[in-house]
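Structural overview for review
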Amino acid sequence: MKEKYSIGEVAKMLQVSTRTLRFYDEKDLIKPAFVENNGYRFYKIEQIKQLELIIYLKNLGFSLKQIKHLLKDESGDQSLELLLNEQYQENKQKIAEINQQQKQIEHLRKIKLSRTSLTNFSDITNIMKKESKLMTLRKRMWLLTILLMIIELVVISILYAFQLRMSIIVILLVLIGGVALSKYYYDNVEYVCPNCGKEFTPSFVSFNIASHTPKFRKLTCSKCGKKSYCLEISRRK
Ligand SMILES: [Zn+2]
């Protein structure tokens, strides 16, 4: 181990500037062990240890004045012990506070997640409301179909009664009735795409030619362009 260290070496060792070390000298905190005739300052190992302590206390937030008092005081070691204990407790408190904050952040994250599912839930309620409107529409469709069939039967009976063989009129009547019913239904429904989740209305033609189940119709989504079984819902008016 070296006998003495230059100010440059000490500064490098403790990762501070030589200006800081000179400042500590000026403030009478730590004076170099020797100052040579040419002005060069040298420190001994004990002084370096004290400097280390000063820098450590400074980083902990102690003022230079407080540090100076500590170093000069007879019972400085005990005071230092007390101060370090206090600092330790303070840090412990800070850690506890930070941990508490972290817990709150985690909690808020969970709330945010469940809020997203609440939005989904309200979407579902919305779809369910539309579903009940759709049920009414479907019942009405049955009634209209029966009504149309009765009208058609009456017209056909009248035509037969008058011995009018106007089968083209009958075919037209059935066709027009069917298209009118279909148009009525089409005007009251729209579809939810399972790919993009958006609602869309298909063209009347693709609506009619699409294969379907009671709740779905295989359609090409006008929003994302994907073809899939889309959920039938009541159209927003
Ligand atoms: Zn889509």
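About the criteria used
Along each chain, the written sequence defines residue order, and numbers are assigned to residues from 1. A pLDDT threshold of at least 70 governs which residues receive local features in this predicted model, and a stricter bar of 80 or more applies before side-chain atom pairs are shown or counted, although totals over entire chains, interfaces and linings include all residues. Secondary structure elements follow DSSP: runs of H or I of four or more residues count as helices, runs of E of two or more count as strands, with numbering from the N terminus. Exposed residues have 12 or fewer other C-beta atoms within 10 Å of their own C-beta, buried residues have 20 or more, and partly exposed residues fall in between, where C-beta atoms are placed from the backbone. Strand pairing requires that DSSP identify at least two bridges connecting the strands. We call two residues in contact whenever the C-beta atoms placed from their backbones are within 7 Å. Structurally, a nonpolar core is described as a collection of buried Ala, Val, Leu, Ile, Met, Phe, Trp, Tyr and Cys residues joined by way of C-beta atoms within 7 Å. What pLDDT expresses is the predictor's confidence in each residue, scored from 0 to 100. UniProt positions are given in the numbering used here, feature names are shortened, and annotations may be inferred rather than shown by experiment.

As recorded in an unreviewed UniProt entry, the protein chain goes by Transcriptional regulator, MerR family and comes from Lactobacillus kalixensis DSM 16043.

This next bit is on the overall build of the protein chain. A tally of regular secondary structure across the protein chain gives seven helices and seven strands. For the protein chain, the residues scored as buried account for 9% of the 237 residues in total.

Now for the pairing of strand E7 (residues 227-234). Pairing analysis gives four bridges linking strand E4 (residues 189-192) to E7, with the strands arranged antiparallel. Counterpart to Val 189 in the pairing with E7 is Ser 234. As judged from the five bridges shared by strand E6 (residues 216-220) and E7, these two strands associate in the antiparallel manner. Paired with Phe 216 across the bridge in E7 is Leu 231. Between E6 and E7, which pair antiparallel and follow one another directly, the connecting turn spans six residues, one of which, Gly 225, has a positive phi of 80°.

With that settled, consider the environment of Phe 200. Counting through the fold element by element, Phe 200 comes out in strand E5 (residues 199-200). Expressed as a C-alpha distance, the spacing of Phe 200 and Arg 235, which sit 35 residues apart in the sequence, is 9.3 Å. Setting aside residues no more than four positions away along its own chain, Phe 200 makes contact with Glu 190, Tyr 191, Cys 193, Cys 221, Ser 222 and Lys 223.

Once that is clear, we can look at the sheet that holds E7. Across the sheet, which stays open at both edges, the four strands sit in the order E5-E4-E7-E6 with antiparallel pairing between neighbours. In the strand order of this sheet, the two ends are held by E5 and E6, each with one partner.

Attention shifts here to the sheet that holds strand E3 (residues 41-43). With antiparallel pairing, the three strands of this open sheet are ordered in space as E1-E3-E2. Taken across any chain shown, the strands that pair with only one partner, and hence form the sheet edges, are strand E1 (5-6) and strand E2 (34-35). Bridge analysis of E1 against E3 gives two bridges, and the strand direction is antiparallel. Looking at the pairing, Tyr 5 lines up with Tyr 43 of E3.

Residues Tyr 5, Val 10, Leu 21, Tyr 24, Ile 30, Tyr 43, Leu 51, Ile 54, Leu 57 and Ile 67 constitute the largest nonpolar core, which totals ten residues. If you list the elements that add at least two residues to this core, you get helix H2 (18-26) and helix H3 (45-60). The biggest single contributor to this core is H3, with three residues. Excluding anything up to four places from it in sequence, Ile 54 contacts Tyr 24, Leu 29, Ile 30 and Ile 67. Counting residues in hydrophobic clusters, the runner-up holds six residues, among them Tyr 191, Leu 219, Cys 230 and Ile 233.

A few words on the pairing of E4. Taken together, the two bridges between E4 and E5 define a ladder with antiparallel strand orientation. Bridge pairing in E5 places Tyr 191 opposite Phe 200. As consecutive antiparallel partners, E4 and E5 are separated by six residues, and within that stretch Gly 197 has a phi angle of approximately 75°, a positive value.

On to the confidence of the model for the protein chain. In regions of low pLDDT, the predicted coordinates are not meant to be interpreted in detail. Of all residues in the protein chain, 89% have pLDDT values of 70 or greater, and the mean over the chain is 83. When the elements of the protein chain are averaged for pLDDT, helix H5 (residues 76-161) gives the smallest value, 77, and helix H1 (residues 7-14) the largest, 93. Contacts for the low-pLDDT stretch residues 115-119, under 50 throughout, to residues beyond four places or in other chains number zero contacts.

Take the UniProt feature "transmembrane region" (unreviewed entry) in the protein chain next. Here the UniProt-annotated "transmembrane region" (unreviewed entry) positions come out as residues 141-162 and 168-186. Secondary structure across residues 141-162 comprises 95% helix and 0% strand; the distance between its end C-alpha atoms is 31 Å. Secondary structure within residues 168-186 divides into 100% helix and 0% strand; the distance between the first and last C-alpha atoms comes to 26 Å.

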